[in-house]
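# Chains, contacts and geometry: an overview
Single-letter residue listing:
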Amino acid sequence: MRFVPQTTIAQDVSIEGVGLHCGARALVVLRSAPAGQGVVFHRLGGTDVSVSPDAVSNTRFNTGVGEGTARVATIEHLMAAIALAQIDNLLVEIDGPELPALDGSAAPWLAVMADAGLRTLNAPREALRILAPIKIEDAGGRSIRAEPFDGRVIDVSIEFPDAAIGAQRVVLDLDDPHDVKRVAAARTFCRHEDIGLMRANGLSLGGTFDNAVVVDGARVLNPSGLRDAHEFALHKALDLIGDLRLAGGLVLGRIIAERPGHDINARFAAALLGAGERIVRAPEAQDLVRARA
């Protein structure tokens, strides 16, 4: 039995854009990193932040890590791209407080990583394998649970009062290129009635129709419409994939989420690491990868 090697990017790449919430422009440089480092954010002028549930400092409308001059906001789309591209080690340098929104999805991040290429490292990849069910829930009827499964499946259900969104469910195989492309392209969304309150609280200052889907009751206000009939549930799945990457590796199992959000997602990532005998961090085997292909 051969093990899957850890990866990083083959060459440094950069991307620039405006943050969804702060509205400030930032330059991001993705750099290769050694085996065992994981994902590290470096805010220029601040200190390094190693990604983990303990590093999370904000889950209000986005996931942020770090504190003070080391804080970086809205990391979830990049983290989802890292998980979807199966990159184990990466240094992310940024000269501003928030990652660029780009088009509101993970697709531009995946594209720039494809330009950089992948390089294998001389160390086995460790995956988080679910051995027994794990579940958390809150009083609002939201829940996330994990079950043993030889693969990576995300099952997400959402329900909104807006007729344009309503109740949606998506089930995604993260080892299927079609499903990866579909979830990666799903954009962030908001309700038109919430924009004024968010901006009054210093949020969504960089939001436009170019980086977010806006709904008003039964209408999608974006002139270009939706990319997928289930784009709303797909984006919630994308956020969940990115937030679960806080746990430090790929999760082998079936994840079922009812009305997920950044706060419960981050709590579940922490629950995975504290699950004791219900989960094991172990090298991922090449024969299992072939069986899932």
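Quick notes on the rules
Residues numbered from 1 in each chain as written. Predicted model: local features only at pLDDT ≥ 70, side-chain atom pairs only at ≥ 80, totals over all residues. Heavy atoms only, no water. Pairing = 2+ DSSP bridges. Helix = DSSP H or I, 4+ residues; strand = E, 2+ residues; numbered from the N terminus. Contact = heavy atoms within 4.5 Å. Axes fitted to C-alpha atoms, helices over the stretch in contact; angles between N-to-C directions. Salt bridge = Lys/Arg side-chain N within 4 Å of Asp/Glu carboxyl O. Left-handed = near helix turned anticlockwise from the far one by under 90°. Nonpolar A, V, L, I, M, F, W, Y, C, P; charged D, E, K, R; others polar. Buried < 20%, exposed > 50% of the residue type's maximum accessible area, 1.4 Å probe, protein only.

## Quick word on the sheet that holds strand β15 (residues 189–191)
The strand order β15-β16-β17 describes an open sheet built from three strands, whose pairing is mixed. The open sheet has two edge strands with one neighbour each: β15 and β17 (219–220). Taken together, the three bridges between β15 and strand β16 (residues 213–216) define a ladder with parallel strand orientation. Each residue of the ladder has a partner; that of C190, found in β16, is V214. Strand contacts of helix α4 (residues 192–200): β15 and β16, with the helix running at about 95° to β15, the strand carrying the most contacts.

## Section: the pattern of salt bridges
Following the criterion strictly, the structure yields 16 salt bridges and no others. As a salt-bridge pair, E147 and R145 come within 3.2 Å of each other at their nearest N and O atoms. One salt-bridge network, in which partners are shared between bridges, spans D12, R31 and E93.

## A closer look at the packing of helix α5 (residues 231–244) against helix α6 (residues 262–273)
Contact pair α5 / α6: the axes reach a minimum separation of 9 Å and the direction vectors enclose 40°. Note that α5 runs across α6; the crossing there is right-handed. Judged by residue contacts, D239, L240, D243 and L244 of α5 engage H262, N265, F268, A269 and L272 from α6. Residues of the contact of α5 with α6, tallied by class, amount to five nonpolar, two polar and two charged.

## Concerning the sheet that holds strand β2 (residues 13–18)
Spatial ordering of the open sheet is given by β2-β3-β8-β4-β5, a layout of five strands whose pairing is mixed. On the outer flanks of this sheet lie β2 and β5 (48–50), each paired with one strand and no other. Going from strand to strand, the sheet's axes swing by 20° on average, the running direction of each strand aside. In this structure, β2 lies alongside strand β3 (residues 25–31), joined through six bridges in antiparallel fashion. In the strand pairing of β3, V13 is matched with L30. Seen against the sheet, helix α1 (residues 76–84) touches β3, β4 (39–43) and β8 (90–94) and runs at an angle of roughly 150° to β4. Lying over the sheet, helix α2 (residues 107–116) contacts β2, β3 and β8, oriented at roughly 160° with respect to β2.

## Looking at the pairing of β4
Along a regular strand, successive side chains alternate from one face of the sheet to the other. For β4, a buried count of five out of five residues is recorded, marking the element as mostly surrounded by other parts of the structure. Every second residue of β4 is oriented toward a common face, with V39, F41 and R43 on one face and V40 and H42 on the other, all of them buried. Here β4 runs beside β8; their pairing, made up of five bridges, is parallel. Among the inter-strand pairings, V40 is bridged to a residue of β8, identified as L91. Sheet topology note: the β4/β5 ladder contains three bridges and is antiparallel.

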